Amino acid sequence: MKLFMFRIISFLSLINLFSLTSAGSSLFKTENDNVHDTVSFVSRFEADNNRCFKCHGQEKYEYTNETLGKQVKDMMCSERIIHKNEFYSSNHKSFSCTDCHSEEYVKFPHSGTLRMEQKYICLDCHGGDAKFAKYHFEEIDSEYRKSTHFKMEDEGFTCWKCHNPHTYKITVRNSTNLKETIAYDNAICLNCHSDYNRFQLLSDKAEINIIQKHEWLPNQASHFANVRCIECHTKINNNIPVSHQIRPKAEAVRLCNECHSKNSILMASLYKFESKEQRRDGFFNGIILNASYVIGANRNEYLNYISLIIFFVVIIVIIVHVVFRVKKKTKNIKEE
Amino acid sequence: MYLYPKWIRAWHVLNAAMFLILIVTGLSMQYTDKGNASYVVGFAKAVRWHNFAAVILILSYILFVTGNLLTNNGRYYRIERKGFLSNLKKQFKYYSIGMFRGEKHPFPVTEERKFNPLQKITYVLAMYVAVPLLIISGIGLLLPEITITTVFGISGLILTDILHITMGFCLSIFMIIHIYTCTLGSKPTSLFRGIITGYHVSEDE
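Bear in mind that the values here come from a model prediction, so they are computed numbers and not experimental data.

Asks: Hey, could you run me through the interface of chain B and chain A in this one?
Replies: It is common to report an interface's size as the accessible area lost on association of the parts. Every contact between the two is made by 25 residues of chain B and, on the other side, 32 residues of chain A. A total of eight residues in the side of chain B that touches chain A trace back to one element, the largest contributor, which is helix H5 (residues 156-181) of chain B. In terms of residue class, the side of chain B that touches chain A is built from 18 nonpolar, three polar and four charged.

So, in structure tokens, the structure goes:
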């Protein structure tokens, strides 16, 4: 019997593992997967930018080596490739390359010293500007400075480590498909946390294994597909659009009912931009139901009342029945 | 009268134990809230125990159905159309009025008739309608990846969960009534003793 039970449990686990692996593959989506091939945006700097994209827009590039006097074909360093479609779908699509990079880059071969140029950070453009005040970039910056990422390498860790300025686009605030947004945002974390080479730029840890580290999480694949990493790994700050204070591992959310409850933290994070619609059709946190279903957070108010009424009616009927039985028994004893 | 063979008693005790675990852990998950992290049992523990008990319950249900197919026990669950409603009425009347007037049981237990008409319909609805629905919807929640995403624009998971908690609630109410009606034997404890020893003691004995 024990063996039989073991086999059934193993079979069920196998099915679960299979579904987990298939969901796992979607978890490891890259940012590129969310970018469509056709981009309708036409930049007024298109001609200027094309001079850069000619080499930096693909894996291979070609140039004339004037010293040797011959045509050379070479591979572009992967970190220097900016796909045109991705750039023209990003938040910075309206820029010219030389808005941020030195004008000197128009010359080829590029001067070696240019590589050492100081890169801008978000606040260089977005800080102290009334136009961006509502996004609280300064507060995002101060939150980020408290974050465990910043503490690991305060100089080396910049906004760009997570938000590629060439491809980054705001997602959750304008999301029409929350599942895609979640995959996109999680891909930002997984960019380093599932790529050992990138991870090693900041850490000496011998291995990273997201699946294994989250083994304690029931229905892991479902969690990975339906919430962002930052839901559990950041400290919520209601003043800024998205929390930026990444907490140390030991402080990550581990209590299930932080999310699985009537006062679910998801309403202050993932569903923040839609949470005005607090309750719909009797469901607590009804807005979550558009994209997902969270046990404990989405209980139905009417079903709660109905079940309580039925429960108490049954108990009352039983009590009345018992009273009549006792009365009858007392009467029988007296008669005897 | 020997009415409950060993396999039925073993199934019954397993089924009852698993149901109790499932009710307690199910309530803990459904009504979990921040601040009461240890509501009956904590959420994480509740999920683990609920999943474990569910797998055992499925196995015990397979045992129940197979046992009923292979032995004579299945015949007790066959409902006859003839006099169905009037027999139900008779039994209901006995429970609500007759027994207080000292009337005789309209359907005394015999080797051919283990259940009275009211018991029979309740057991059939519980074991052949509610439990299968509970198990199917439970598997849908245990493996959310296999659940249909949307049904007419409504999330398949919500429908699955509502079906699951509704069936769970109905069976919990069934359990309360079942336990209470088991005190209605010749003595309040005699039916409980019967399911442990296998021997039923009728009112005349």
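Asks: Just to check I follow, could you spell out helix H6 (residues 137-146) of chain A for this structure?
Replies: Given 3.6 residues per helical turn, the α-helix brings residues three or four places apart onto the same face. Residue and element names in this part refer to chain A. Those residues of H6 that sit buried are Ile-140, Glu-143 and Tyr-144. Across the axial projection of H6, the buried residues extend over an arc of 100°, all falling on one side. Check the buried side of H6 and you find it contacts helix H7 (148-152).

Asks: In this structure, what is going on with the packing of helix H3 (residues 84-96) of chain B against helix H4 (residues 117-142) of chain B? I would like to understand it.
Replies: Residues and elements named next belong to chain B. Running from amino to carboxyl end, H3 crosses H4 at an angle of 110°, the nearest separation of the two axes being 8 Å. Accordingly, the angle class assigned to the pair H3 and H4 is roughly perpendicular. Contacts from Asn-87, Leu-88, Gln-91 and Phe-92 of H3 reach H4 at Pro-117, Leu-118 and Ile-121. Broken down by class, the residue content of the contact of H3 with H4 amounts to five nonpolar, two polar and no charged.

Asks: Would you explain unusual backbone geometry in this entry?
Replies: Note: most residues except glycine have negative phi, and most peptide bonds are trans. Residue and element names in this part refer to chain A. Phe-108 connects to Pro-109 through a cis peptide bond whose omega is 0°. As for its placement among the helices and strands, Pro-109 is situated in the loop between helix H4 (97-100) and helix H5 (122-126). With a phi angle near 50°, His-136 is a residue other than glycine that sits in the positive phi range. You can see His-136 is positioned in the loop between H5 and H6. Under the C-beta neighbour-count criterion, His-136 is labelled partly exposed, with 16 such atoms within 10 Å.

Conventions used here
Residues numbered from 1 in each chain as written. Chains lettered and ligands numbered in written order. Predicted model: local features only at pLDDT ≥ 70, side-chain atom pairs only at ≥ 80, totals over all residues. Contact = placed C-beta atoms within 7 Å. Helix = DSSP H or I, 4+ residues; strand = E, 2+ residues; numbered from the N terminus. Nonpolar A, V, L, I, M, F, W, Y, C, P; charged D, E, K, R; others polar. Buried ≥ 20, exposed ≤ 12 C-beta atoms within 10 Å, placed from the backbone. Arc of directions from axis to C-beta. Axes fitted to C-alpha atoms, helices over the stretch in contact; angles between N-to-C directions. Parallel < 35°, antiparallel > 145°, perpendicular 65-115°, else oblique.

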